[in-house]
Structure formats: C-alpha cells, structure tokens
Amino acid sequence: MNLHELTPAPGSTKSRKRVGRGHGSGHGGKSGRGTNGQLSRSGGGKGPGFEGGQTPLARRLPKLPGFNNINRKEYLPVNVSRLDAVYESGDVVNGKTLVEKGIIKHEDAPVKVLGDGKITKALTISVDKISASAQKKIEAAGGKVELSC
C-alpha cells in the first residue's frame, strides 16, 4: 500500500451542497433559503450578542470604576526588620547592596523602606523613598537616611 492509494471508507464523505446552480441541482432558485425575510438575505440573521430584544449582557453590566494612572511609579517595599536581619552595623543600604543580598532583583528598581519590625543596627540608607516610621526607627538606632531622589 502506498500513500497515493489511500482513499476514505465508502460512505464516509459527502459532496458539498452547490447552491444557486440551477433547478436541476435541486438547490437552484432561492438556494434553500426560503422566500423572503432576514435569513434569506446575505449577512442576515442576528449577531452573537443578540438576546431577543432584551438589553444584552454586555450593556447591562457596568463599566469598571476608576482609572489606571499611566504615570504611576511602583516602589518595591523593604521593611526595616529585613534590613536588620541581612546587614551588619555600619553597612550602606542602596540598590547595589540590596541586589547583592538578594532582597531585590534589579539595581535600578525604585525602593521604599517601610517601618515594619525592629532595627538594632546603625545603617546608612540610600534609597528612593522611606516612610516616616522607618526613618524614625533607623535614626533611633543610630543610622542615617539619604534619599537619592
């Protein structure tokens, strides 16, 4: 048996309906669409969202509230407790050292230090933003805060 000798099983395929090709074909004249009406026209029928004249679901549901600010700057949060666990006293905390310690992935990513937890070591913090509570805790522990932006 070769590839060119393969044929479908008898009765498994039908020839397509050739409409509009004369009365002798059995599908001439109106081409099986009936006499008149919406379904006899080309492009006739109702769209996929039509619900019988009832207001469609897409129009019944409200639009989402609010908007997305295209100028929003997303900061990566880092808590003081995490800095206390990873850094030694006297270290400088900036984008480069945060990447080295595995706290953030990219050196250029904007970072905000938050005040969750306790800090006991005197660190020099040089990041983009810092919360008021974090700044208070760092300065109470003998550290310094330098905002780079």
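Here, every reference points to the structure presented above.
Just so it is clear, the structure is predicted and the values come from calculations on it, not from any experiment.

Explanation requested: the nonpolar core in the structure shown.
One broad rule of soluble globular proteins: the nonpolar side chains tend to lie buried together. Counting 17 residues, the largest nonpolar core has L83, L98, V113 and I125 as its most contacted members. The set of elements that each furnish at least two residues to this core consists of α2 (80-86), β3 (111-114), β4 (124-127) and α4 (132-140). Setting aside chain neighbours within four positions, we find I125 in contact with L83, V93, V113, I130, I138, K144, V145 and E146.

Any chance you could explain the sheet that holds strand β2 (residues 92-93) here in plain terms?
Either a parallel or an antiparallel arrangement is found when strands of a sheet pair, and the pairing is made through backbone hydrogen bonds. Strand order in the open sheet made by the 3 strands is β2-β4-β6, with parallel pairing throughout. Two strands in the sheet have a free side with no partner beyond their single neighbour: β2 and β6 (144-147).

Would you take a moment to explain the side chain of S131 for this structure?
Of note, S131 is situated in the loop between β5 (129-130) and α4. Looking at S131, the relative accessible area reads 14%, which means it is buried. Look past the residues within four positions of S131 in its chain and what remains in contact with it is K112, V113, L114 and G115.

Would you explain unusual backbone geometry in this entry?
The phi torsion of most residues other than glycine is negative, and most of the peptide bonds are trans. The phi angle at S31 is positive, at roughly 60°, despite the residue not being glycine. Position of S31 relative to the elements: it lies in the segment before α1 (57-60). Residue class for S31 comes out partly exposed when judged on its relative accessible area of 22%.

Explain the pattern of salt bridges here, please?
Side-chain pairs of opposite charge can arise whenever the charged atoms involved come near each other. Tallied over the full model, the rule gives 3 salt bridges. Note that R60 is salt-bridged to E51, the shortest N-O span being 3.1 Å. Among the residues examined, R60 registers a relative accessible area of 42% and is labelled partly exposed. E74 is the salt-bridge partner of R72, the closest N and O atoms lying 3.0 Å from each other. The pair formed by R72 and E74 is uniform in burial state, with each residue classed as exposed.

Calculation notes
- Residues numbered from 1 in each chain as written.
- Predicted model: local features only at pLDDT ≥ 70, side-chain atom pairs only at ≥ 80, totals over all residues.
- Heavy atoms only, no water.
- Core = buried A, V, L, I, M, F, W, Y, C linked by side-chain atoms within 4.5 Å.
- Buried < 20%, exposed > 50% of the residue type's maximum accessible area, 1.4 Å probe, protein only.
- Helix = DSSP H or I, 4+ residues; strand = E, 2+ residues; numbered from the N terminus.
- Contact = heavy atoms within 4.5 Å.
- Pairing = 2+ DSSP bridges.
- Salt bridge = Lys/Arg side-chain N within 4 Å of Asp/Glu carboxyl O.

That is the geometry; function is a separate question.
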